[in-house]
Amino acid sequence: MSTEDQEDELLALTSIYAEDEFKRTDAAAGGEFQLCLELPSDFVVSIKSNSATNSSADNFENTVSFLPPIVLNFELPPGYPSTTPPNFTLSCKWLTPTQLSLLCQRLDDLWEENSGCVVIFPWIQFLKEETLDYLNIKSPYEIDVSSNGLQSWMQTTEKTCEDGVSLEKAPYDKRAIQDVQSVPALVRCILDFNEAQQKKVFDSKLFLCNICFMEKLGSECTHFKACEHVYCNYCLKDYFVVQIKDGQVHALNCPEPKCPSVAIPAQVKDLVGEQLFSRYDRLLLQSSLDLMADIVYCPRLTCQTPVMQEPGGTMGICSVCQYAFCILCKMTFHGISPCKEPE
């Protein structure tokens, strides 16, 4: 295949797939695919470590909508596709080396089946649409980390791919790469990727704001996760600004009548800005302290620092100005002498 023909295939792939899914390699005829699989609804993934410590940090179970992508790196050699297949590696954070080896073998088979024809597109279609069925991956999907760390990954039960090959007995392929440093790192990666992809999907959808009754993209809206209500940022900002200026910091909840969901501080900050958020934060702290029976305030007007009362005592010492005062009369601490009315 000529260099021009390889260039045509790469251009075609660029036009088909989004930039966050396919990136060409500048130095050679090749590129990298980040393939996010479509998971069934309510897909449960878990990790149970067999390490000696068996700490809670090494055990994880959660329902996810997305898992980190399978990454295909490939390079087209001069003889492709007439005589030579693409050079490639296949990596993933949540598939075992054995599973990845089976996928590598299937890509080799597809090359043989399509001998003399371009094969990258069939490879991508297989990986995106058939990986879960081919490896017989179903919910709940459990990954056990062996006592040797992440050098060897094994499934706890005997599983086979659709052609009957045992996953445990399949040899590792040097092109199969499982790139995880530790179990906590894997857990964090799964959670972060799932959250980022969910936000990406949310941002691209249209939602009806029940305040202005206009449809807005999710990227222009705020989502209350506890109740699933969605409002546009413009309306919600006005609502929050009025509440904060009136000192009603405990009323920053979902505008839906009788809905108990409360906005998290990050949502408030994004909507109202740094200056008004500082007022909100200060008032929220003040109101929380006011509800605490064992908190008094330094009586010096220039200080007013919250002071924790000593159980059964009447003396308070300000941690900022070091003023020792009677918590009853707010005058300088007078020991066992009775409180005096201020002049």
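Throughout what follows, the structure given in this document is the object of discussion. The structure displayed is predicted, hence computed values, not measured ones.

Right, let's talk about the packing of aromatic side chains for a bit. Inspection of every chain in the model, using the stated rule, returns 13 aromatic pairs. Between Trp94 and Tyr141, the aromatic rings sit 5.8 Å apart at their centres with planes inclined by 85°, giving edge-to-face as the arrangement. With Trp94 in the loop between strand E6 (87-92) and helix H2 (97-113) and Tyr141 in strand E7 (residues 141-145), this pair connects stretches of sequence that are 47 residues apart. There is no split in this pair, since Trp94 and Tyr141 are both buried. Members of the aromatic cluster, joined through ring pairs, are Tyr17, Phe22, Phe33, Phe74 and Phe121. A cation over a ring is seen here: Arg106 above Phe126, with NZ or CZ 5.8 Å from the ring centre.

Further remarks concern the pattern of salt bridges. Here the structure, examined in full by the defined rule, presents 9 salt bridges. Residue Arg175 is joined to Asp108 by a salt bridge in which the shortest nitrogen-to-oxygen separation is 2.6 Å. Within this pair, whereas Arg175 is found in the loop between strand E8 (153-154) and strand E9 (176-178), its partner Asp108 is found in helix H2, the two being separated by 67 residues in sequence. Among the residues examined, Asp108 registers a relative accessible area of 22% and is labelled partly exposed. Here Glu274 and Lys269 are joined by a salt bridge, their closest N and O atoms 3.6 Å apart. Relative accessible area serves as the criterion here: at 36%, Lys269 is assigned to the partly exposed category. Where salt bridges share partners, they join Asp108, Asp173 and Arg175 into one cluster.

One can describe the packing of H2 onto helix H3 (residues 120-134) by two numbers: an axis separation of 11 Å at closest approach and a directional angle of 135°. One element, H2, and the other, H3, form an angle in the oblique class. For the pair H2 and H3, the sense of crossing is right-handed. Between H2 and H3, the contacting residues are Leu102, Leu103, Arg106, Leu107, Leu110 and Trp111 on the first element and Pro122, Trp123, Phe126, Leu127, Thr131 and Tyr134 on the second. When grouped by side-chain class, the residues that make up the contact of H2 with H3 number 10 nonpolar, 1 polar and 1 charged.

Approximately 940 Å³ is the volume attributed to the largest pocket. Lining the largest pocket are 29 residues, with Lys199, Phe202, His223, Lys225 and Gln267 sitting closest to its centre. When contributions to the lining of the largest pocket are tallied by element, the ones reaching two or more residues are helix H4 (183-204), strand E12 (221-224) and helix H6 (265-272). Element by element, the count of residues in the lining of the largest pocket is highest for H4, at 8 residues.

Here we come to a nonpolar patch on the surface. Together, Met315, Ile317 and Phe333 make up a nonpolar patch on the protein surface, roughly 230 Å² of accessible area in all. Along the chain, Met315 turns up in strand E16 (residues 315-317). Met315 gets classed as partly exposed once you look at its relative accessible area, which sits at 31%.

Let us look at the pairing of E6. Working note: regular strand, side chains alternate between the two faces of the sheet. Here strand E5 (residues 70-75) pairs with E6 via 5 bridges, running antiparallel. Pairing of Glu75 across the sheet is with Asn87, part of E6. Of the strand pairs in this sheet, E6 and E9 are connected by 3 bridges, and their pairing is parallel. Note that in E9 the partner of Leu90 across the bridge is Ala176.

On to unusual backbone geometry. Residues Tyr80 and Pro81 are joined by a peptide bond in cis, for which omega reads -5°. Locating Pro81 in the fold gives a position in the loop between E5 and E6. Residue Ser139 is joined to Pro140 through a cis peptide bond whose omega torsion reads 0°. Along the chain, Pro140 falls in the loop between H3 and E7. Positive phi outside glycine occurs at Asn136, with the angle close to 55°. Tracing the backbone shows Asn136 in the loop between H3 and E7. Taking the relative accessible area as the measure of exposure, Asn136 reaches 28% and is therefore partly exposed.

To continue, consider the sheet that holds E9. Strand pairing within a sheet occurs via backbone hydrogen bonds; the two strands may be parallel or antiparallel. Here 5 strands make up an open sheet; going across it, the order is E1-E2-E5-E6-E9 and the pairing mixed. What marks the edges here is a single partner per strand, and that holds for strand E1 (22-24) and E9. Adjacent strand axes in the sheet meet at a mean angle of 15°, parallel and antiparallel pairs treated alike.

Rules used in this analysis
- Residues numbered from 1 in each chain as written.
- Predicted model: local features only at pLDDT ≥ 70, side-chain atom pairs only at ≥ 80, totals over all residues.
- Heavy atoms only, no water.
- Phe/Tyr/Trp six-rings, centres within 6.5 Å; stacked < 30°, edge-to-face > 60°.
- Helix = DSSP H or I, 4+ residues; strand = E, 2+ residues; numbered from the N terminus.
- Buried < 20%, exposed > 50% of the residue type's maximum accessible area, 1.4 Å probe, protein only.
- Lys NZ or Arg CZ within 6 Å of the ring centre and 35° of its normal.
- Salt bridge = Lys/Arg side-chain N within 4 Å of Asp/Glu carboxyl O.
- Axes fitted to C-alpha atoms, helices over the stretch in contact; angles between N-to-C directions.
- Parallel < 35°, antiparallel > 145°, perpendicular 65-115°, else oblique.
- Left-handed = near helix turned anticlockwise from the far one by under 90°.
- Contact = heavy atoms within 4.5 Å.
- Nonpolar A, V, L, I, M, F, W, Y, C, P; charged D, E, K, R; others polar.
- 1 Å grid on protein atoms, 1.4 Å probe; cavity = no way out; pocket = protein on both sides within 12 Å on 5 of 7 lines; lining within 4 Å.
- Points joined across faces, edges and corners; volume = space filled by probe spheres on them.
- Patch = residues over 30% accessible without salt bridge, like charges linked within 9 Å, V, L, I, M, F, W, Y side chains within 5 Å.
- Areas by Shrake-Rupley, 256 points an atom, 1.4 Å probe, with all protein chains shown as cover.
- Pairing = 2+ DSSP bridges.

This is a description of form; function is not addressed.
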